[in-house]
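Report on the structure
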Amino acid sequence: MCGIVGYIGKNKAMPVLLDGLRKLEYRGYDSSGVAIFGKTLQTFKAVGKIKELEKVIGKNKSDGTIGIAHTRWATHGKPSKANAHPHSDCTGKIQVVHNGIIENHAELRELLKKKGHKFHSQTDTEVIPHLIEDLYKGDITQTLQEVLQIIKGAYGLVVFCQDEPEKLLVARCGSPLVIGIGKHETVIASDVSAILQHTKQVIYLEDGEMAEVGYDNFRVFDAKRNLIKKDIESVLWNIEEISKKGFEHFMLKEIFQQPESLKNSFNGRISFENGTAKLGGLTEVADRLRDVERIIIVACGTAWHDGLVGEYMLEEYAGIPVEVEWASEFRYRNPILNKRTAVIAISQSGETADTLAGIKEVKNKGALVLGIVNSVGSTISRETDAGVYNHIGPEISVASTKAFTSQVAILALLTVFLGRQRRMSLVMGKRILKELSDLPEKIDEFLKDNNIERIAKKYHKAKNFAFLGRKYCQPLANEGALKLKEISYIHAEGFASGEMKHGSIALIDKKFPSFFIAPKDSVYEKNLSNIEEIKSRSGDVIAITTKGNKSLEKIADDVIYIPKTLEMLTPILATIPLQLFAYHVARIKGFDVDKPRNLAKSVTVE
Ligand code: F6R
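Residues numbered from 1 in each chain as written. Predicted model: local features only at pLDDT ≥ 70, side-chain atom pairs only at ≥ 80, totals over all residues. Heavy atoms only, no water.

**What about the overall build of the protein?**
Stated formally: Helical segments are the DSSP runs of H or I of at least four residues, strand segments are the runs of E of at least two, and each set is numbered from the N terminus. A 1.4 Å probe rolled over the protein chains alone gives each residue an accessible area, and that area as a share of the maximum for its type sets the label: buried under 20%, exposed over 50%, partly exposed in between. By the convention used here, residues are in contact when the closest approach between their heavy atoms is within 4.5 Å. Note on areas: these come from Shrake-Rupley sampling with a 1.4 Å probe, and a residue is covered only by the protein chains present in the view. Note on charges: Lys and Arg go in the positive column, Asp and Glu in the negative column, and His and the chain ends are not counted at all. Every charge is mapped to an atom, namely NZ of Lys, CZ of Arg, CG of Asp or CD of Glu.
Along its length, the protein carries 18 helices and 27 strands. Within the protein, buried positions represent 61% of all 606 residues. Expressed as a percentage of contacts within the protein between residues at least 6 apart in sequence, the contacts between residues at least 24 apart total 70%. In the form shown here, the protein has an accessible surface area of approximately 23,600 Å², with 49% of it arising from carbon and sulfur atoms. With 83 positive and 76 negative side-chain charges, the protein shows a spacing of 3 Å between the two charge centroids.

Spelled out as structure tokens, the structure:
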């Protein structure tokens, strides 16, 4: 989604801003722009990739040491130069970059137009510089405070005013912003990855807070305009974690990183002796968790698929009823909750607007709110009562891979933890944990030797795909379809194997292949019948099954073997071929795997 970078310091701002924008490219965008202040104020904008912006900047590289920059993911108004940020007032002296949506922009625009303001874009953002211009009486900090009382909606904002060029103003409400405190320089960004090269010392702004920053100083105000003290925190991620490390794409790097990322997710969290999980982030709520009678998992997209795997695990092994909700729907429900309900938000970015809105609602109603989040210090991690971090480092590829496997692993740990608080035996706890800890090696084994690239070459021209699975692997059918859709733009649908015959099987013909996730588990025979149903309608079948099970070779057109593990942990292994298949198909088709069209990494709008 949109990205923001701001710089004020002793060095030239342009390289920092452009480098920051490149670091944010993975979030998805369709246009970009820069405003830089040197001898004069210059702005540059372009539609398309950052290299288009660089072409527009050309030799004009400014010596300015203060500037703001933006990558835009269109919401109000199509991608165009006019709609690209920064946006300015009528004089051009006030420049603004904005993430989020100003909900009362239409009425403000009408009001400002009547006062004579001239608008040049279709964006909601443009009302902000005009409103500042309208209220400005020589103090930009005070003016922005007034403006924040008027605008409604979500924003992460950076404002520059040419009449007060020694500062940048930063404000946040629902859209993340981080201020990096360097040596004689301050770098602002919507995501730490754009800051890490300069400093690891950061301030996370909370909703309602506003900051005034110079190259060597900062002041933070709360929503009531009081000066407040903010702690400077250290970012734990390293700059190397946001490089491709020799892989062609971030997605491939992250797929191959999974043996390690999975290990990082459970390292130090397993007590074999007691057959339970040690989840430090839940210690304070452990007693309350013992009394929990119902769990609601709230998430979006891939994280929602994780939740569905978690539902099978938690019900089967911890004996707790679970519901899994799309956050975008859950936020509009009036869920029935009480003190014995735990709501678990799963989010890689920790910034997904729908998931955040969902948990804010239930917190008011007294439920215990937990998070499974990767981004340390993110909004969801701070809004929850307690939680577990994934510890997998930044996930840059828009298509989520290592977050999926890590989230399932954390759900398995949680299942053991809650199960052992209830009826799970020591032996069972030990068994699950042992199998979990063996998984990194098994993923490694699969990654070193598999036939996925060959299968991708064979099927990449298909226009439709069905993905099918049962029980623990049913959510994987949806996940496999989502991965293929988002990066290869092939139409794909995920089904519960048993549902196919209730209508959708009508789609199947010679040109419509099906991907079956059919490990040798408790529902294998049932899957087998469904495979036969597809084959008898001339559909090609690619089947993922357990190593050693040769029986599928007689029926399926292509077979992929994964190592054996516990049924509940199979999704962690079976998702790897699905990720690789989507990756290779997209690559063979020549698409930009890491920056799929229309998509954003962190979805901070509704
Ligand atoms: C798909 C994908 C998305 C995210 C979803 C939630 O590959 O990445 O479906 O899973 O947007 O994002 P987070 O986990 O950041 O809340």
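**Observations concerning the pattern of salt bridges**
A side chain with one charge can pair with a side chain of the opposite charge if their charged atoms come near. Rules: By definition here, a salt bridge exists when the distance from a side-chain nitrogen of Lys or Arg to a carboxyl oxygen of Asp or Glu is within 4 Å.
Within this structure, the stated rule accounts for 34 salt bridges. Residues Arg 22 and Glu 54 are paired through a salt bridge, measuring 2.4 Å at the closest nitrogen-oxygen approach. Placement of Arg 22 in helix H1 (residues 13-24) and of Glu 54 in helix H2 (residues 50-57) is noted, with a sequence separation of 32 residues between them. The partly exposed category is assigned to Arg 22, whose relative accessible area is 36%. Among the residues examined, Glu 54 registers a relative accessible area of 30% and is labelled partly exposed. The salt bridge involving Arg 382 is made with Glu 206; its shortest N-O contact spans 2.4 Å. Of the two residues, Arg 382 sits in helix H12 (residues 379-383) while Glu 206 sits in the loop between strand S11 (201-204) and strand S12 (210-213), which places them 176 residues apart along the sequence.

**As for helix H4 (residues 127-135)**
Given 3.6 residues per turn, any residue in an α-helix points the same way as the ones three and four places further on. The buried count for H4 comes to seven of nine residues, which makes it a mostly enclosed element. Every buried residue of H4 is listed here: Val 127, Ile 128, Pro 129, His 130, Leu 131, Ile 132 and Leu 135. If you follow the buried residues of H4, they end up packed against strand S5 (87-88), strand S6 (94-99), helix H3 (105-114), helix H5 (140-150) and strand S7 (155-161).

**Notes on the sheet that holds S6**
To keep it simple, the criterion reads: Between any two strands, at least two bridges found by DSSP are needed for them to pair. Whenever a helix is involved, its axis is fitted only over the stretch in contact; in every case the axis is a line through C-alpha atoms, and angles between N-to-C directions fall within 0 to 180 degrees.
With antiparallel pairing, seven strands are arranged side by side in an open sheet as S5-S6-S7-S8-S12-S13-S14. Each of the sheet's edge strands pairs with one partner strand only, and the pair in question is S5 and strand S14 (227-228). Pairing geometry for strand S8 (residues 168-173) and S12, over four bridges, is antiparallel. Following the sheet pairing, Leu 168 is matched in S12 by Val 213. Its contacts with the sheet put H5 on S7, S8, S12 and strand S13 (218-221), and the angle it makes with S7 is roughly 150°.

**Examining the environment of Asp 291**
Mapping Asp 291 onto the fold places it in the loop between helix H8 (286-290) and strand S18 (294-299). A sequence separation of 49 residues divides Asp 291 from Arg 340, and the C-alpha atoms of the two residues are 6.1 Å apart. Filtering out sequence-adjacent residues up to four positions away, Asp 291 remains in contact with Arg 340 and Arg 422.

**What to know about the packing of aromatic side chains**
Here is the rule: Ring pairs are drawn from Phe, Tyr and Trp, using the six-membered ring of Trp, whenever the two centres fall within 6.5 Å, and their geometry is named by plane angle: stacked under 30 degrees, edge-to-face over 60, tilted for the rest. Two conditions define a charge sitting above a ring: the NZ of Lys or the CZ of Arg must be within 6 Å of the ring centre, and it must be within 35 degrees of the ring normal.
A full pass over the atoms with the stated rule returns nine aromatic pairs. Seen from their ring centres, Phe 515 and Phe 581 are 4.9 Å apart, and the 65° between their planes marks the pair as edge-to-face. Taken as a pair, Phe 515 in strand S25 (residues 514-517) and Phe 581 in helix H18 (residues 570-588) lie far apart in primary sequence, 66 residues in all. Over the ring of Tyr 489 we find Arg 597, and its NZ or CZ is 3.9 Å from the ring centre.

**Overview of the sheet that holds strand S2 (residues 31-37)**
Sheet architecture is open: eight strands sit in the order S3-S2-S4-S1-S10-S9-S11-S15, paired in antiparallel fashion. Only two strands of the sheet have a single partner each, and these edge strands are strand S3 (41-47) and strand S15 (233-234). With five bridges joining them, strand S1 (residues 3-9) and strand S10 (residues 185-189) adopt antiparallel strand pairing. Bridge pairing in S10 places Ile 8 opposite Thr 186. Strands S1, S2, S3, strand S4 (66-72) and S10 of the sheet are contacted by H1, whose axis makes an angle of about 155° with S1. The strands touched by H2 are S2, S3 and S4; relative to S3, the strand with the most contacts, the crossing angle is about 140°.

**Some thoughts on the packing of H4 against H5**
For clarity, the cut-off: Any angle that is under 35 degrees is reported as roughly parallel, and any over 145 degrees as roughly antiparallel; angles of 65 to 115 degrees are reported as roughly perpendicular and all others as oblique. Each crossing gets its handedness from the near helix: less than a right angle anticlockwise from the far helix is left-handed, clockwise is right-handed. Polar here means any residue other than Ala, Val, Leu, Ile, Met, Phe, Trp, Tyr, Cys and Pro, which are nonpolar, and Asp, Glu, Lys and Arg, which are charged; Gly is therefore polar.
Two elements in contact, H4 and H5, have axes separated by 9 Å at closest approach and are oriented at 120°. By the angle class used here, H4 and H5 are oblique. In this structure, H4 meets H5 at a crossing whose hand is right-handed. Across the interface between the two elements, Ile 128, Leu 131, Ile 132 and Leu 135 of H4 pack against Ile 140, Thr 143, Leu 144, Glu 146, Val 147 and Ile 150 of H5. In terms of residue class, the contact of H4 with H5 is built from eight nonpolar, one polar and one charged.

**Some words on the environment of Ala 403**
Locating Ala 403 in the fold gives a position in helix H13 (residues 402-421). A sequence separation of 384 residues divides Ala 403 from Asp 19, and the C-alpha atoms of the two residues are 26 Å apart.

**Section: the site of the ligand**
Put simply, the test is: Being near a molecule or strand, for a residue, comes down to having at least one heavy atom within 4 Å of it. Side-chain atoms alone can form a polar contact between residues adjacent in sequence; in general such a contact is a pair of N or O atoms within 3.5 Å, and within protein one must be able to donate a hydrogen while the other accepts it. Boundary definitions for the domains trace back to an automatic or database domain assignment.
In the vicinity of the ligand there are 14 residues, among which Ser 347, Gln 348, Ser 349, Thr 352 and Glu 486 approach most closely. Between the ligand and Thr 302, the relevant distance is 3.1 Å, taken from an oxygen atom to a main-chain nitrogen or oxygen of the residue. A distance of 2.6 Å separates an oxygen atom of the ligand from a polar atom in the side chain of Ser 349. For the ligand, the protein covers 89% of the area, taking 400 Å² as the surface of the free molecule. Put simply, the parts of the chain that give the shell around the ligand at least two residues each are helix H9 (301-318) and helix H16 (474-488). Two domains share the shell around the ligand, each providing at least three of its residues, namely domain 2 (250-448) and domain 3 (452-588).

**Some words on the domain arrangement of the protein**
Quite often, the size of an interface is put as the accessible area lost when its parts meet. When cut into domains, the protein gives domain 1 (3-235), domain 2 (250-448) and domain 3 (452-588). Each of domain 1 and domain 3 was reduced to a C-alpha centroid, and the two centroids are 46 Å apart.

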